[in-house]
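# Close look at the chain arrangement
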Amino acid sequence: MKRKIIVLMIVCLLLAMGNFQVLSAKEKLKIGALFPFTGDLARLGIDSFQGAELARIVQNERGGLLGKEIVFAKGDAVDPRKAMTEAERLIMKEGVDVILGTYSSSRSYAASEVAERYGKIYWELGAVSPKITSRGFKYLFRTCPMSTAYAKWAVKVAIEAACPQIGIRKEKLRVAVIFEDSLYGTTTGELVIEECKKRGLSVVATEPYSAKAVDLSSVIMRLKNAKPDVIIATQYLTDAILFWRQSKELNFYVKAFIGTGGGTSMYDFVRAVGRDANGLIDTSFCPPPDAVNPKYAPGVNEFIERYKKVFGHEVTSVYPPINYMGTMVLWLSLIHISE
């Protein structure tokens, strides 16, 4: 009887001190989350992270992963150099064995090299440059399509949709290719030019520029002199908005404008340029909820509702669902390799 009383007193003491919760708490599984949380790509980086964050919340509600609660150690990939140092910090100081991210191709290219060097898994959710996965890395995986597909579809749309609508035969079509000059834009732009040549289209102008530019008037004037019928563009959000606004100011218009993802695929772009976006074509994913058919994407409506409940706003781009899906695939993959 005395022994039972002593045990009961010990339990009560542990409860009073809070130690009982520590002893019974679920073990943590730390995963690195490397995105541009600040800087020029923060808007898209945060969108992307929130998709992964929702996947973490959902999986933890299901009991976690491998009997552990998933937690994220965040790294801020402001630029490619910082992406490398943050990847190393996540591995060496935070002790992660897996890093997911990263949205930006140039940042992903740099950071995944660090993960490969340390033998850690790098799980890319949104960066599309083919060069990322062409290096033969053993620990690098990607769940999103490459920009090769965007380029092929952009040229296909130019030939099969734009030409009939504007009344110009393929042989006579004048195409301008514009792109921001990071790895994402450069790779996609080069692929578009290559695809144009394969399909017999005449490229009358090629205009790379910095996504951080505050004035694109010189680019627009050169395009105006080239007189293209169609522009195929690879742009981030802020430079896409700037290009469209300055094009209007300089009275530059084309018969068809085809985007390849990035800024022109976002509702923020439409809000910024208003009715001027009418008629724009984009070969990226369509952002929910308006443009996604639940018949072909089961669960998308539930995702939209849950996202709004967790983050307090609607889904405004394609990046949250892409990153949610890719992160859920990561959980399934980690379960599979542990069996």
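In short, a report on the structure. (Residues numbered from 1 in each chain as written. Predicted model: local features only at pLDDT ≥ 70, side-chain atom pairs only at ≥ 80, totals over all residues. Heavy atoms only, no water.)

A few words now on the layout of surface pockets. Empty pockets left among the atoms are what a rolling probe the size of a water molecule brings to light. Quantified by volume, the second largest pocket comes out at close to 370 Å³. Along the walls of the second largest pocket sit 20 residues, with Trp244, Tyr253, Val254, Phe257 and Asp276 positioned nearest its centre. Considered class by class, the residues forming the lining of the second largest pocket number 13 nonpolar, four polar and three charged. (1 Å grid on protein atoms, 1.4 Å probe; cavity = no way out; pocket = protein on both sides within 12 Å on 5 of 7 lines; lining within 4 Å. Points joined across faces, edges and corners; volume = space filled by probe spheres on them. Nonpolar A, V, L, I, M, F, W, Y, C, P; charged D, E, K, R; others polar.)

For the rest of this paragraph, the subject is the sheet that holds strand β5 (residues 140-142). Read from one edge to the other, the open sheet built from five strands follows the order β2-β1-β3-β4-β5, with strand pairing classed as parallel. Both outer strands of the open sheet, β2 (69-76) and β5, are each paired with one neighbouring strand and no more. Each neighbouring strand pair of the sheet contributes to a mean axis angle of 25°, computed without reference to strand direction. Pairing of strand β1 (residues 28-35) with strand β3 (residues 98-101) involves three bridges; the strand directions are parallel. Considered in β3, the bridge of Ala33 is made with Leu100. Here helix α4 (residues 80-92) sits on the sheet and contacts β1, β2 and β3; the angle it forms with β2, its principal contact strand, is near 145°. (Pairing = 2+ DSSP bridges. Helix = DSSP H or I, 4+ residues; strand = E, 2+ residues; numbered from the N terminus. Axes fitted to C-alpha atoms, helices over the stretch in contact; angles between N-to-C directions. Contact = heavy atoms within 4.5 Å.)

The next subject is the pattern of salt bridges. Any two side chains of opposite charge can pair, so long as their charged atoms come close to each other. Taken as a whole, this structure holds 19 salt bridges when the rule is applied. Measuring nitrogen to oxygen at the nearest pair gives 3.7 Å for the salt bridge that ties Glu27 to Lys68. Separated by 41 residues along the polypeptide, Glu27 in the loop between α2 (19-24) and β1 and Lys68 in the loop between α3 (42-61) and β2 bring together distant segments of the chain. Overall, Glu27 belongs to the exposed group, its relative accessible area being 52%. A residue is classified by how much of its surface remains accessible, and Lys68, at 25% relative accessible area, is partly exposed. We note a salt bridge from Glu53 to Arg56, for which the minimum N-O separation is 2.9 Å. In this pair, Glu53 and Arg56 both sit in helix α3, three residues apart, roughly one turn of the helix. On the basis of relative accessible area, Arg56 is assigned to the buried category, the value being 16%. Taken together, the shared-partner salt bridges connect Lys30, Glu86, Arg89 and Glu94 into one network. (Salt bridge = Lys/Arg side-chain N within 4 Å of Asp/Glu carboxyl O. Buried < 20%, exposed > 50% of the residue type's maximum accessible area, 1.4 Å probe, protein only.)

As a further point, take helix α7 (residues 183-198). Between its first and last C-alpha atoms α7 spans 22 Å; for 16 residues at 1.5 Å apiece the expected length is 22 Å, and the two agree. All of the buried residues along α7 are Leu183, Tyr184, Gly185, Thr187, Thr188, Gly189, Leu191, Val192, Ile193, Glu195 and Cys196. Residues of α7 that are buried in the fold lie against α5 (105-118), α6 (147-166), β6 (174-180), β7 (202-209) and β8 (230-234). Looking one or two residues past α7, Gly200 carries a phi angle of roughly 75°, positive in sign. (Expected span 1.5 Å × (residues − 1).)

Another aspect to go through is the packing of α3 against helix α11 (residues 300-311). Look at α3 against α11: their axes get within 11 Å of each other, and the N-to-C directions meet at 100°. The orientation of α3 relative to α11 falls into the category roughly perpendicular. Contacts between α3 and α11 involve Asp47, Gln50, Glu53, Leu54, Ile57, Val58 and Glu61 from the former and Phe303, Arg306, Tyr307, Val310 and Phe311 from the latter. A breakdown of the residues in the contact of α3 with α11 according to their chemical character gives seven nonpolar, one polar and four charged. (Parallel < 35°, antiparallel > 145°, perpendicular 65-115°, else oblique.)

Under the definition given, this model contains one cavity of 30 Å³ or more. Of the voids in this model, the largest cavity is the one considered here, and its volume is about 150 Å³. Along the wall of the largest cavity there are 17 residues; nearest its centre are Tyr103, Gly126, Val128, Tyr150 and Tyr319. Of the residues in the lining of the largest cavity, the class split is 12 nonpolar, five polar and no charged.

With respect to topology, five strands assemble into an open sheet ordered β7-β6-β8-β9-β10, the strand pairing being parallel. The open sheet has two free edges, formed respectively by β7 and β10 (281-282), since each of these has just one partner strand. Sheet topology note: the β6/β7 ladder contains seven bridges and is parallel. Residue pairing for β7: Glu180 is matched across the bridge by Tyr209.

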